[in-house]
Every structure is written in structure tokens, then in C-alpha cells.
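Structural overview
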Amino acid sequence: GFVLLQLIDEGKLSPNDTLGKWFPELSAAFRKVTIEQMANQTGAIHDFFSLSTNHRGINNDSVLKLIKPIDTTVYPPGLKWGYTNTHYVLLALIVEKITNKPFVEWCQQHIYKPCEMNSIGFMYQGAEAIKGYDIDSSEMEILTSTYGDGGMTGSAEDLTAFFKSASKNKKWKYLLDLGLKN
């Protein structure tokens, strides 16, 4: 979210921009979904976990391949809230298109390093699979290589460093306050 707020503040992104601006190859239903709808989880794009039974190794590119043939949203975008990992994957891919940098590298250069967040990282960088139980009590294992939709790990010190940096920087404080209001 903070990355999106920075790009909006820099004029490189608008909450009203649509997914079709960056991914014209997606269906008409998906192309109409806005940045704001994806960020607020009202975009109604299918969660990629529901589109595949084999989650091992799914990455952001394979998420695009999974949703590309779909021509309907789960419900009309903007109608109601409904969490989907796909929204965040797509937002991370949009950040890459805007910045011409890998998402993780951009975050490292513009957020983590300036804030001295030294132990932060992402699950796909060598983490073990998440093991648990499905709704029917059967064992399950999830290991995806997606980013943007979670999987970021860090320490309490990293979180403290982020908020200290944000509170000292007027622009960041403004963006953080703006994000917390929405």
C-alpha cells in the first residue's frame, strides 16, 4: 500500500487508473477494474488459489496466465469487499511496469534501505512451504513464489525503523496518514 501511495504522490499512478492500462491482454471485465478497487479489495478478480489445485511454484507470471482466459469477475467490481491475493500480485506487477525495476528491488531501494530495515525479506527467497489443514481437515502445503500478496517477513525492529523514518519525513508521514485514513 505504501508503495502505491508513493507512486500516486509522484503522479505516476492514479487510484482511478484501470488494470487495462497495463494489461490490455486481459478480459474486458478485468480491464475495467481500478487501482483503488484492487487496493481496497473490491475489484472482484478471482483469487489465484481458487484457480489451481497445485500452488507449489506459482509465481506472478503464472497468476497472469491463470486469469487471462477468465472473462468475468466474481461480482461487479466496487459492489462489495472480498479479499483476493490476485489483486496484490497485479498491483506489484503494475509497480514493476511503472518503475522499470523488480518490485522487491524497488522496495529495497526506496523503503527498506532508507529506513534501515535490515532483516526484511520475502518468502519466495528460499522459505519453507506453509503446512496446515484444508477446510476438510486434510493436510495441505502451500509454497508460492508470488510477491505483492504477502509473504514479506521482517522483525519488530524493522517495523519500528519504518515508523520512525516515516514520522521524521513529512512527505512519508503524510502518505502514511493518508493510507491509514482509507
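Scoring rules and cut-offs
- Residues numbered from 1 in each chain as written.
- Predicted model: local features only at pLDDT ≥ 70, side-chain atom pairs only at ≥ 80, totals over all residues.
- Heavy atoms only, no water.
- Helix = DSSP H or I, 4+ residues; strand = E, 2+ residues; numbered from the N terminus.
- Buried < 20%, exposed > 50% of the residue type's maximum accessible area, 1.4 Å probe, protein only.
- Contact = heavy atoms within 4.5 Å.
- Phe/Tyr/Trp six-rings, centres within 6.5 Å; stacked < 30°, edge-to-face > 60°.
- Lys NZ or Arg CZ within 6 Å of the ring centre and 35° of its normal.
- Core = buried A, V, L, I, M, F, W, Y, C linked by side-chain atoms within 4.5 Å.

Here we look at the environment of Ser14
Within the element layout of this structure, Ser14 appears in the loop between α1 (2-9) and α2 (28-31). A residue is classified by how much of its surface remains accessible, and Ser14, at 26% relative accessible area, is partly exposed. Spatially, the C-alpha atom of Ser14 lies 9.0 Å from that of Leu4, the residues being ten residues apart in sequence. Those residues in contact with Ser14 that lie beyond four places of it in its chain are Ile8 and Ile35.

Looking at unusual backbone geometry
In this structure, Ala44 is a non-glycine residue whose phi angle is positive, near 65°. Assessed through its relative accessible area of 2%, Ala44 is described here as buried. Positive phi, close to 60°, is recorded for Glu116, a residue that is not glycine. Position of Glu116 relative to the elements: it lies in the loop between α6 (103-112) and β1 (121-122).

Some words on the packing of aromatic side chains
Summed over the entire model, instances satisfying the criterion amount to two aromatic pairs. Here the aromatic rings of Tyr83 and Tyr88 are separated by 5.9 Å at their centres, their planes lie at 50°, and the arrangement is tilted. Relative accessible area serves as the criterion here: at 41%, Tyr83 is assigned to the partly exposed category. The ring of Tyr75 has Lys80 sitting right over it, with the charged end atom 5.0 Å from the ring centre.

A few points about the nonpolar core
Counting 40 residues, the largest nonpolar core has Leu19, Met38 and Ile94 as its most contacted members. Elements supplying a minimum of two residues to this core: α1, α3 (35-39), α4 (60-67), α5 (85-99), α6 and α7 (156-168). Broken down by element, this core gets its largest block of residues, eight residues, from α5. Those residues within four positions of Ile94 in sequence are excluded, and the remaining contacts are Leu13, Leu19, Trp22, Phe23, Ile35 and Met38.

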